[in-house]
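Inside the fold
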Amino acid sequence: MKYTEGPEIRDTKAPEGPIEERWEKRKFGAKLVNPANKRKLNVIVVGTGLAGGSAAATLGELGYNVKSFCYQDSPRRAHSIAAQGGINAAKNYRGDGDSIYRLFYDTVKGGDFRARESNVYRLAQVSVNIIDQAVAQGVPFAREYGGLLDTRSFGGAQVSRTFYARGQTGQQLLLGAYQALERQVAAGTVEMHTRHEMLDLIISDGRARGVIVRDMVTGEIERHLADAVVLATGGYGNVFFLSTNAKGCNTTAIWRAHERGAYFANPCYTQIHPTCIPVSGEYQSKLTLMSESLRNDGRVWVPLLKNDERAPGDIPEAERDYYLERIYPSFGNLVPRDIASRAAKNVCDEGRGVGPGGLGVYLDFRDAINRLGRDAVEKKYGNLFEMYERITGENPYDVPMRIYPAVHYTMGGLWVDYDLQSTIPGLFVIGEANFSDHGANRLGASALMQGLADGYFVLPTTIGDYLANGPYGDVDEEAVAEAEIQVRNKIDRLLAVNGTRTPDSFHRELGKLMWDYCGMERTEESLRKALERIPELREEFWQNVKVSGTAEELNQVLEKAGRVADFFDLAELMCLDALVRTESCGGHFRAESQDADGEALRDDENFAHVSAWEHSPEGPVLHKEALEYEYVKMTQRSYK
Ligand SMILES: Cc1cc2nc3c(=O)[nH]c(=O)nc-3n(C[C@H](O)[C@H](O)[C@H](O)COP(=O)(O)OP(=O)(O)OC[C@H]3O[C@@H](n4cnc5c(N)ncnc54)[C@H](O)[C@@H]3O)c2cc1C
């Protein structure tokens, strides 16, 4: 795939000056919209997960006219509901040395020095407000005996800053955001459109002015116009087919915005989570996460001997290798995800993996149960243990869990500036859909923090600065008609192929290819292979996909086909991005770039930048945004 390099870009919105004052400065500098004028301004928010739900509720509360869209039958079914382990915040309730600066530092370091300092510092500052907001909404965070909110530890940190509600933190937080959203729906400030899928972005006079959506029940194509559009459409990990994401997660909204001009940043940065239930067979279509919180008390190990087929209980202590504790004594089982995942892969590659195919390691609670008692362990992790037992048929109170890394989160996404505005004026992108805060590796419990920071606190301020110059007047009818025709043509084209293979079978093949060639480890050779094979498979897709049914009805095969078509294009850009970035950093591990201990070896001289890709018919154009570090010194990460 050919690409060219375009001019460098910069984030012009982040204020200068001491880092702790930048957000205050931006808030003060942002134009305000007076309450009477807010009623005249329309905002579309696509997505009702933690990012979109909190944003739509807050914008409604502020007095804007909001239209909210999601493809599920209820806003409350957004994928955020699946989040298990917790949400970070620098409250320092435990007095264990946490601070805004430490959360900032841990996040920049955890992201392997590939995130912007200004954004991350703001995230750490805002984190404390999120907890207050959620508590005020009635989110039932776990509490200690004395009544204070409880916390636990997550990877990449030596303090306990993760707030949680058993293993259902996302669900409880989403119910909070959903209540706030429904309140605005009842108040008439938010108009809710469930079971509507956004299929294109309307650009008029260079600005994002609306969306084309398909009513997924009737098949009707609708146009919705506004003064600004917010995408909160989640991550694209399902490009790998098998991932911990909900089956519906896809890239369509951001990909089509990319095709309309929004730059796509760091598409290759994918997070592989170390603790998932291993793949069990060829026909599996979904993977299940076992929350990182389990690494607070579970110990990860494999047998010392290769191909050891003894039951775990028969392997004596001296013949077990607690390899994370051995290699990383300071952080032990709580090293960041990218490091824990690679370590698991390494021991399995050595032939010391456990379970079918040797693709598993143990996560063992024996010592925690002995130390704390079974009841205490059940209180903390009961629902996760139950889920594990239902899926595997094994009881983790009696035998160690078997886990293996799996695709979980995408740090890449649409490029946004400090205001969370994309390269298309009026198009804002929040939550997992943007690239903003996690660099090359996201720390556990930081996605919920970012989504809610964006939705409750950052976007409602920064979008005001844009809307203050509105309303933006009439939308060019030709632009709307053109977007609508594009959508109809794509649907007609998919239906017309009438081939023999299901969209799912193409997706499965694409996903395997991505996992094998652009997964936990990437090489120049594997990426070149992927870049050769993806266009061939895409060609076959457009020649041979079978979409049954019609466009004028509920048609899940059609929905799927459209999403798979976009995954093909995205997959190609991901592989290109991974090929061009010849260094290793965080979750992006290029086998050619590792140190003597097999750790990711960055190349700061050539790659301390964000790679922002512009779509163009002649092939992608790469724009680099230099990353500068004033407050954290770039070093080789060490968790030893
Ligand atoms: C199993 C699991 C557990 C996790 N646990 C944690 C955790 O403990 N802590 C943590 O910090 N993070 C966790 N994460 C990550 C975190 O859950 C997600 O990153 C986060 O919830 C994403 O929120 P979001 O609002 O950006 O997107 P989502 O919650 O994915 O919401 C996307 C929304 O966009 C809508 N949408 C998408 N495309 C379209 C379209 N074309 N048209 C219309 N609507 C569209 C969807 O309907 C949905 O409403 C976990 C992730 C997984 C997979």
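Because the structure is a prediction, the values reported are computed rather than measured.

Scanning the protein from N- to C-terminus turns up 17 helices and 21 strands. For 640 residues, the compact-globule estimate of 2.2 N^0.38 gives 26 Å, and the C-alpha radius of gyration of the protein, at 24 Å, lies within 12% of that figure. Along the three orthogonal principal directions, the C-alpha set of the protein runs to about 75 × 60 × 45 Å. The burial tally for the protein puts 62% of its 640 residues in the buried class. Long-range contacts, defined here as pairs at least 24 residues apart, represent 74% of the contacts in the protein between residues at least 6 apart. Approximately 24000 Å² of the protein is accessible, and the part contributed by carbon and sulfur atoms is 48%.

In this section: the environment of Thr392. Looking at the secondary structure, you find Thr392 in helix H11 (residues 374–392). Judged by its relative accessible area of 25%, Thr392 is partly exposed. Placed 229 residues apart in sequence, Thr392 and Val621 show a C-alpha to C-alpha distance of 46 Å.

Sheet architecture is open: five strands sit in the order E13-E17-E16-E14-E15, paired in antiparallel fashion. Because the sheet does not close on itself, it has two edges, and the strands there are strand E13 (270–276) and strand E15 (320–321). Two strands pair when backbone bridges link them, and strand E14 (residues 299–303) and strand E16 (residues 361–364) are joined in this way by three bridges, in the antiparallel orientation. Pairing of Trp301 across the sheet is with Tyr362, part of E16.

A word on the UniProt feature "domain: FAD-dependent oxidoreductase 2 FAD-binding" (unreviewed entry) in the protein. Residues annotated by UniProt as "domain: FAD-dependent oxidoreductase 2 FAD-binding" (unreviewed entry) correspond here to residues 43–448. This span, residues 43–448, is 29% helix and 20% strand, and a straight line between its end C-alpha atoms measures 23 Å.

A word on the packing of helix H14 (residues 503–518) against helix H16 (residues 556–580). With their axes 9 Å apart at the nearest point, H14 and H16 run at an angle of 20° to one another. In this view, H14 runs roughly parallel relative to H16, as classed from their interaxial angle. The handedness of the crossing between H14 and H16 is left-handed. Across the interface between the two elements, Pro503, Asp504, Phe506, His507, Leu510, Met514 and Cys518 from H14 touch Val557, Lys560, Ala561, Val564, Phe567, Phe568, Ala571, Met574, Cys575 and Ala578 from H16. Across the contact of H14 with H16, the residue classes tally to 14 nonpolar, one polar and two charged.

By secondary structure assignment, the location of Ser204 is in strand E8 (residues 196–204). Among the polar contacts made by the side chain of Ser204, one reaches the main-chain amide nitrogen of Asp476 at a distance of 3.0 Å. Residues contacting Ser204, with those up to four places away along its chain left out, are Arg209, Asp474, Val475 and Asp476.

The next point concerns the site of the ligand. Inspection of the region around the ligand gives 37 residues, with Gln72, Ser80, Gly85, Met198 and Glu432 positioned closest. Contact distances for the ligand include 2.6 Å between an oxygen atom and a backbone N or O atom of Gly85. At 3.0 Å from an oxygen atom of the ligand is found a main-chain nitrogen or oxygen belonging to Ala447. Its free accessible area being 1000 Å², the ligand has 98% of it covered by the protein chains. For the shell around the ligand, the elements supplying multiple residues, two or more each, are helix H3 (50–62), E8, strand E17 (401–410) and helix H12 (447–467). Considering each element in turn, the shell around the ligand owes the most residues, three residues, to E8. Residues that form the shell around the ligand fall into these classes: 17 nonpolar, 17 polar and three charged.

Opposite charge on two side chains lets them pair, provided their charged atoms get close. Counted according to the given criterion, the structure contains 62 salt bridges. Residue Asp297 is joined to Arg371 by a salt bridge in which the shortest nitrogen-to-oxygen separation is 3.1 Å. You can see Asp297 sitting in the loop between E13 and E14 and its partner Arg371 sitting in helix H10 (residues 366–372), a full 74 residues away along the chain. A relative accessible area of 9% means that Asp297 is categorised as buried. Here Asp604 ties to Arg602 by a salt bridge, and the two come within 2.9 Å at their closest N and O atoms. Overall, the relative accessible area of 28% leaves Asp604 in the partly exposed class.

Rules used throughout
Residues numbered from 1 in each chain as written. Predicted model: local features only at pLDDT ≥ 70, side-chain atom pairs only at ≥ 80, totals over all residues. Heavy atoms only, no water. Helix = DSSP H or I, 4+ residues; strand = E, 2+ residues; numbered from the N terminus. Rg over C-alpha atoms; globule rule 2.2 N^0.38 Å. Buried < 20%, exposed > 50% of the residue type's maximum accessible area, 1.4 Å probe, protein only. Contact = heavy atoms within 4.5 Å. Areas by Shrake-Rupley, 256 points an atom, 1.4 Å probe, with all protein chains shown as cover. Pairing = 2+ DSSP bridges. UniProt positions renumbered as here; feature names shortened; annotations may be inferred. Axes fitted to C-alpha atoms, helices over the stretch in contact; angles between N-to-C directions. Parallel < 35°, antiparallel > 145°, perpendicular 65-115°, else oblique. Left-handed = near helix turned anticlockwise from the far one by under 90°. Nonpolar A, V, L, I, M, F, W, Y, C, P; charged D, E, K, R; others polar. Polar contact = N/O pair within 3.5 Å; in protein donor to acceptor, adjacent residues only side chain to side chain. Near = heavy atom within 4 Å. Salt bridge = Lys/Arg side-chain N within 4 Å of Asp/Glu carboxyl O.

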